[in-house]
Amino acid sequence: MSAVSAPTKPAISGFERYLSLWVALCIIVGIALGYALPGLFAAIAAAEIARVNLVVAALIWLMIIPMLLKIDLGALGSVRQHWKGVGVTLFINWAVKPFSMALLGTVFLGWLFRPLLPAGEVSSYIAGLILLAAAPCTAMVFVWSNLCEGEPSYTLSQVALNDIIMVFAFAPLVGLLLGVASIAVPWDTLLISVLLYIVVPVIVAQIARRVLLAFGGEPALERLLATLGPVSLVALLTTLVLLFGFQGQAIIAHPLVIALIAVPILIQVYFNAGLAYWLSRRFGVAWCVAAPAALIGASNFFELAVAAAISLFGLNSGAALATVVGVLVEVPVMLSVVHIVKATRPWYEQRATT
């Protein structure tokens, strides 16, 4: 039994019930504002270190710190009982996703959609998709796991393990799939992203958790979590407005190209999420672990992918555009995966015991 505490009832369940509607509105507002006010969004985008946007980083803090407050680091040892879920996610992230994306990119962009795409950019688009798939998601996974009531200790452990593997495996894996001898990994982006999105928020949340429990006990922690719940969702929606605002002009200028690039990304997300979910069920993994396992297996570390694409191919390259499309579809698609795993929970938990 995990020592993780969580509110018994979300403080803003009515708001969460219509989250998909708010997401759709934020997409429309973001695109419109990005097109109408490009200077404002350019200024916000310029506030970055090693291509890590500080405004987005602050919003991600507001999203994930309430979720990290629920985690008792002393309970992380219990994640060993979920070793099958860890194994499934590692298999999907490192043995399936990069290779399946290379295949899907080649089939759709290199063959089916080739006549509709700029002739000189097809290989660059495929390279961008590979960069996207080779980087498992980090911070946003906490949001998806929280929304589907996933096991937070498992989520933190899995993200930390992926970060460690990514430091060693990202460059050789991308180099293998792109067919080049060496890849210039933007190490500053990778390390600063891990520091900003994982290390610092975990430290801040754990200090706050210990202070609250020491002086106010569980009731004080529950009150803070209830207060921060709405803040977390507003930060998510604000992030969505910014991400779509950053690319508002590109979306309006190249709608067909972006739509075509999105097709293999969408197939990839649902394929990997479905495979992770199905494998988890086959191996008898608890649903509270299988749900975040599916989400971790499907989502991407788009900050690293965008930075690597710009570093390797240039700011205006097809590879950079392809990774940006990954940013655009990430939130609405992952929300749909959250809805699917929650809706199928009864089916999942009716698995046969053999």
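Residues numbered from 1 in each chain as written. Predicted model: local features only at pLDDT ≥ 70, side-chain atom pairs only at ≥ 80, totals over all residues. Heavy atoms only, no water.

A.B. asks: For this particular structure, what's the right way to read the packing of aromatic side chains?
C.D. replies: The geometry of an aromatic ring pair comes down to the distance between the two centres and the angle between the two planes. Applying the stated criterion to the full structure yields five aromatic pairs. Aromatic pair Phe41 and Phe246: ring centres 6.2 Å apart, planes at 85°, arrangement edge-to-face. With a gap of 205 residues between them, Phe41 in helix α3 (residues 38-46) and Phe246 in helix α10 (residues 217-246) connect regions that are remote in the sequence. Its relative accessible area of 6% is what places Phe41 among the buried residues. Looking at Phe246, the relative accessible area reads 24%, which means it is partly exposed. When the centroid spacing of 6.2 Å and the interplanar angle of 40° are considered together, the rings of Tyr277 and Trp347 count as tilted. Of the two residues, Tyr277 sits in helix α12 (residues 255-282) while Trp347 sits in helix α16 (residues 345-349), which places them 70 residues apart along the sequence. Exposure remark for Trp347: the relative accessible area of 39% places this residue in the partly exposed category. We note Arg281 situated over the ring of Trp347; from NZ or CZ to the ring centre the distance is 3.9 Å. (Phe/Tyr/Trp six-rings, centres within 6.5 Å; stacked < 30°, edge-to-face > 60°. Helix = DSSP H or I, 4+ residues; strand = E, 2+ residues; numbered from the N terminus. Buried < 20%, exposed > 50% of the residue type's maximum accessible area, 1.4 Å probe, protein only. Lys NZ or Arg CZ within 6 Å of the ring centre and 35° of its normal.)

A.B. asks: What is the right way to read the side chain of Thr239 from this model?
C.D. replies: Position of Thr239 relative to the elements: it lies in helix α10. According to the relative accessible area criterion, Thr239 is buried, its value standing at 4%. Separated by 2.7 Å, the side chain of Thr239 and the backbone oxygen of Ala235 make a polar contact. Not counting chain neighbours up to four residues away, the residues in contact with Thr239 comprise Val56, Leu59 and Met63. (Polar contact = N/O pair within 3.5 Å; in protein donor to acceptor, adjacent residues only side chain to side chain. Contact = heavy atoms within 4.5 Å.)

A.B. asks: Please explain helix α13 (residues 287-298) as it appears in this structure.
C.D. replies: One turn of an α-helix holds 3.6 residues; hence residues three or four places apart share an orientation. In a regular helix each residue adds 1.5 Å, so twelve residues correspond to 16 Å; α13 covers 16 Å between its end C-alpha atoms and thus fits that length. In terms of burial, α13 is a largely internal element, eleven of the twelve residues being buried. Within α13, burial applies to Trp287, Val289, Ala290, Ala291, Pro292, Ala293, Ala294, Leu295, Ile296, Gly297 and Ala298. Of the surrounding elements, those touching the buried residues of α13 are α5 (83-112), α7 (139-147), α8 (152-178), α12, α15 (318-343) and α16. (Expected span 1.5 Å × (residues − 1).)

A.B. asks: Is there a simple way to think about the confidence of the model for the protein chain in this case?
C.D. replies: Parts of the prediction with low pLDDT should not have their coordinates interpreted in detail. In this model, the protein chain carries a mean pLDDT of 83, and residues with pLDDT of at least 70 account for 88%. Model confidence for the protein chain, summarised as mean pLDDT per element, is weakest for helix α1 (residues 13-17) at 58 and strongest for α12 at 95. (pLDDT = per-residue confidence, 0-100.)

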